[in-house]
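Observations on chain architecture
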Amino acid sequence: MKRKTALVAGANGIIGRNLVEHLRADGGWDVTGLSRRGGPGSIAVDLLDAADTRAKLSGLDGTTHLFYAAYQDKPTWAELVPPNLAMLTNFVDAAVAAAPGLEHVSMMQGYKVYGAHLGPFKTPARETDAGHLPPEFNVDQQQFLERRAGSWTWSAIRPSVVGGTALGNPMNLALVIAVYASISKELGVPLRFPGKPGAYDSLLEMTDAGLLASATVWATGRQGAFNIANGDLFRWRELWPKLAAYFDLEVAPPLRMSLVDVMADKAPLWTSMAARHGLSASYADVSSSWAFADFVFGWDYDVFADTSKSRRAGFHEYVETEQMFYRLFDEFRKARVIP
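Attention here is on the structure that accompanies the text.

Rules used in this analysis
Residues numbered from 1 in each chain as written. Predicted model: local features only at pLDDT ≥ 70, side-chain atom pairs only at ≥ 80, totals over all residues. Heavy atoms only, no water. Core = buried A, V, L, I, M, F, W, Y, C linked by side-chain atoms within 4.5 Å. Buried < 20%, exposed > 50% of the residue type's maximum accessible area, 1.4 Å probe, protein only. Helix = DSSP H or I, 4+ residues; strand = E, 2+ residues; numbered from the N terminus. Contact = heavy atoms within 4.5 Å. Pairing = 2+ DSSP bridges. Axes fitted to C-alpha atoms, helices over the stretch in contact; angles between N-to-C directions. 1 Å grid on protein atoms, 1.4 Å probe; cavity = no way out; pocket = protein on both sides within 12 Å on 5 of 7 lines; lining within 4 Å. Points joined across faces, edges and corners; volume = space filled by probe spheres on them. Nonpolar A, V, L, I, M, F, W, Y, C, P; charged D, E, K, R; others polar.

1. Concerning the nonpolar core
- One finds Leu173, Trp236 and Phe325 to be the most contacted residues of the largest nonpolar core, which totals 76 residues.
- Counting residues per element, this core draws most heavily on helix α5 (residues 173-187), which supplies ten residues.
- Dropping the residues within four chain positions of it, Trp236 is found in contact with Leu173, Ile177, Phe193, Ala199, Tyr200, Ser202, Leu204, Pro241, Leu243, Phe297 and Phe325.
- Leu7, Leu34, Leu47 and Val105 belong to the second-largest nonpolar core, a separate cluster that totals 24 residues.

Shown next as structure tokens:
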């Protein structure tokens, strides 16, 4: 079979890193990652700089597939639009100019398309649901791909909260729980759910990063948007005590608190823990997702989507969310990220 050549933007993130590993393990791909920092097998590129992006991608004329998983965080929904749309635009424009044999462009989205970040929304969310008032960068990005598509096809992958092991990522909920539990254990306090009272009983789902990578590659043979999730639903009320038990912690009634606030003074504690337990990660490595966790733990409404479109089209993989958490916690421990 003819080998395919992939460019993965956002290769160091929670989604991109797993996608790169999946493509390389598949054996049929030549893979180059793109990120701001670069690294082994990756190119350092500033996707916000159109000239830099064109220069760095100009020699990659054999590229057949683009995978976009880059993201730049901003404090407001409106401020998210310009940089995130610009990065995708620069990436696609530079690659199209360099690679005449381009076959497919894959873009990572999320449930913000359905307004999940704004408040209670229709569930299960479906790819055919009506849109909502802007600003929303995911929608702008998809509209750009629809306008820009020529001889190549495109797919928009819509995961729920993604479970993975990337450090320094602004949206790693599994790492948040692992570090929060480790600090709670160090201080001898129970693991309290820190979210809104209603969030403890909301119906949620997650998406394993490995499953997401598999689905993303599967979708390169298709066109359009696809919801991708583990396949099961959960409530924190049932799952939280099980996660606490993994760390040999008791639970106490939920107590609403901002992790951004209560973790602001924990760097010295973590430094002492790292020295005593031989941990490999600094507090900066493990503390980048507190704001995201506050956001997720504030969902006092159901957040889940209908994934039957992808199943009807042939994607049938499944991951049990509880077991996903245990596996990720095991990986954090093996890597000496947590005690």
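2. As for the sheet that holds strand β4 (residues 65-68)
- Strand order in the open sheet formed by seven strands is β3-β2-β1-β4-β5-β6-β9, with parallel pairing between adjacent strands. The sheet is open, and its two edges are formed by β3 (42-44) and β9 (224-228), each paired on a single side. Averaged over all adjacent pairs, the angle separating strand axes in this sheet is 20 degrees, with direction ignored.
- Bridge count for strand β1 (residues 4-9) against strand β2 (residues 29-35) is six bridges, and the pairing is parallel. Residue pairing for β2: Thr5 is matched across the bridge by Asp30.
- Across the sheet, helix α6 (residues 209-218) touches β2, β4, β5 (104-108), β6 (153-159) and β9, and the angle it forms with β9 is around 160 degrees.

3. Considering the layout of surface pockets
- In this structure, the largest pocket spans a volume of roughly 980 Å³.
- Lining of the largest pocket is provided by 44 residues; of these, Ala69, Ala70, Tyr71, Asn169 and Met171 occupy positions nearest its centre.
- Mapped onto the lining of the largest pocket, the elements with two or more residues apiece are β2, α4 (137-148), β7 (161-163) and α11 (290-296).
- Class assignment of the residues belonging to the lining of the largest pocket gives a composition of 25 nonpolar, 14 polar and five charged.
- Counted as a void, the second largest pocket has a volume near 350 Å³.
- As for the second largest pocket, its lining consists of 14 residues, and the residues nearest its centre are Tyr71, Asp73, Lys74, Trp77 and Phe295.

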